[in-house]
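Coordinate inspection notes
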Amino acid sequence: ASNGSGSKPSGASAGTRSRTSGRASSSREEVDEGTPEQRALVKRINGCEDYYAILGISDKSCSEDTIKRSYKKLALKLHPDKCKVRGAEDAFKAVSRAFSCLSDPQKRSSYDRFGSEQPGTFSASHLSSRLFRRKELC
């Protein structure tokens with residue numbers, strides 16, 4: 001009986017070691033995995049601040065259906081189970097945040113007016129564009 005119980009823990013710890021080393025190797029492989037298209041997509045999204053740009057939408061008066069289609073397309077490409085490029089998880093989260101804001105009519109209206117989901121708060125890019133327009137008017 002002691003041989004059976006003695007072999008189980010060592011077998012379990014050996015399995016744990018292999019899983020741990022598997023994780024370490026997968027994180028090293030994360031940099032190398034992925035297509036050039038995936039790497040470019042992750043780089044583009046992580047470099048964007050504007051929710052419309054994150055979703056790849058140029059027309060801010062687009063329909064909710066357009067926003068939903070763009071979100072689904074990007075979510076499938078960037079899902080952590082499918083895309084192992086470094087930064088893909090952050091890009092996936094950014095796409096989710098953009099969709100969460102733009103798919104809600106009240107949040108979208110606030111975002112379109114103020115550059116932020118919350119009324120009364122301004123994004124840095126929106127604030128600088130407003131200041132720039134003011135300087136042009138003077």
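This is a predicted model, so every value here is computed, not measured.

1. Examining the confidence of the model for the chain
For the chain, per-residue confidence averages 76 on the pLDDT scale, and residues scoring 70 or more make up 62% of the total. Of the regions scoring below 50 in pLDDT, residues 5–30 engages in 3 contacts with residues more than four places distant in sequence or in other chains. Every residue in residues 126–138 scores below 50 in pLDDT, and together they form 5 contacts with partners more than four places removed in sequence or on other chains.

2. Focus: the packing of aromatic side chains
Taken as a whole and judged by the stated rule, the model has 3 aromatic pairs. Ring geometry for Tyr-51 and Tyr-111: centres 4.8 Å apart, planes at 15°, overall stacked. Of this pair, Tyr-51 sits in helix α3 (residues 51–54) while Tyr-111 sits in helix α6 (residues 105–114), placing them 60 residues apart in sequence. Considered together, Tyr-51 and Tyr-111 belong to a single accessibility category, that of buried residues. Each ring, one from Tyr-71 and one from Phe-99, has its centre 4.2 Å from the other, and the planes form 15°; the classification is stacked. You can see Tyr-71 sitting in helix α4 (residues 64–78) and its partner Phe-99 sitting in helix α5 (residues 88–102), a full 28 residues away along the chain. Here the aromatic cluster, defined as three or more aromatic residues joined through ring pairs, consists of Tyr-51, Tyr-52 and Tyr-111.

3. Some thoughts on the pattern of salt bridges
For the structure shown, the criterion picks out 4 salt bridges. Glu-89 serves as the salt-bridge partner of Lys-93, at 3.5 Å between the closest nitrogen and oxygen. Linking Lys-93 with Glu-89, this pair stays in helix α5, spanning 4 residues, or about one helical turn. Among the residues examined, Lys-93 registers a relative accessible area of 42% and is labelled partly exposed. Residue class for Glu-89 comes out partly exposed when judged on its relative accessible area of 48%.

4. Topic: the packing of α5 against α6
The relative placement of two packed helices is expressed as an angle between their axes plus a distance between the axes. Contact geometry for α5 and α6: axes closest at 6 Å, N-to-C directions at 100°. The angle between α5 and α6 places the two elements in the roughly perpendicular class. Together, Ser-100, Cys-101 and Leu-102 of α5 and Lys-107, Arg-108 and Tyr-111 of α6 make up the contact between the two elements.

5. Here's the deal with the nonpolar core
Grouped together as the largest cluster of nonpolar side chains are 24 residues, with contacts concentrated most on Ile-45, Leu-55, Leu-78 and Leu-102. Contributions of two or more residues to this core are made by α2 (36–46), α3, α4 and α5. The greatest single-element share of this core, amounting to 8 residues, is contributed by α5. The contact partners of Leu-55, leaving out residues within four places of it in the chain, are Ile-67, Ser-70, Tyr-71, Leu-74, Val-95, Ala-98, Phe-99 and Leu-102.

Basis of the calculations
Chains are numbered independently. Their residues run from 1 in the order of the written sequence. With the structure being a predicted model, the display of local features is reserved for residues of pLDDT at least 70 and the display and counting of side-chain atom pairs for 80 or more, all residues being used for whole-chain, interface and lining totals. Note that the side-chain values use all heavy atoms of the structure and ignore hydrogens as well as water. Along the chain, pLDDT gives the predictor's confidence residue by residue, from 0 to 100. Residue contacts are counted whenever heavy atoms from the two residues lie within 4.5 Å of one another. Each aromatic pair joins two rings of Phe, Tyr and Trp (for Trp, the six-membered one) with centres within 6.5 Å, and gets the label stacked for planes under 30 degrees apart, edge-to-face for over 60, and tilted for any other angle. To qualify as a helix, a DSSP run of H or I must reach at least 4 residues; to qualify as a strand, a run of E must reach at least 2; elements of each kind are numbered from the N terminus. Exposure classes here rest on a 1.4 Å probe applied to the protein chains alone. A residue is buried below 20% of its type maximum, exposed above 50%, and partly exposed in between. When a carboxyl oxygen of Asp or Glu is within 4 Å of a side-chain nitrogen of Lys or Arg, the pair counts as a salt bridge. Every angle, taken between N-to-C directions, lies between 0 and 180 degrees, and every axis is a line fitted to C-alpha atoms, over only the stretch in contact when it is a helix. Comment on the angle field: the value is read as roughly parallel under 35 degrees, roughly antiparallel over 145, roughly perpendicular from 65 to 115, and oblique elsewhere. In plain words, nonpolar cores are sets of buried Ala, Val, Leu, Ile, Met, Phe, Trp, Tyr and Cys residues tied together by side-chain atoms within 4.5 Å.

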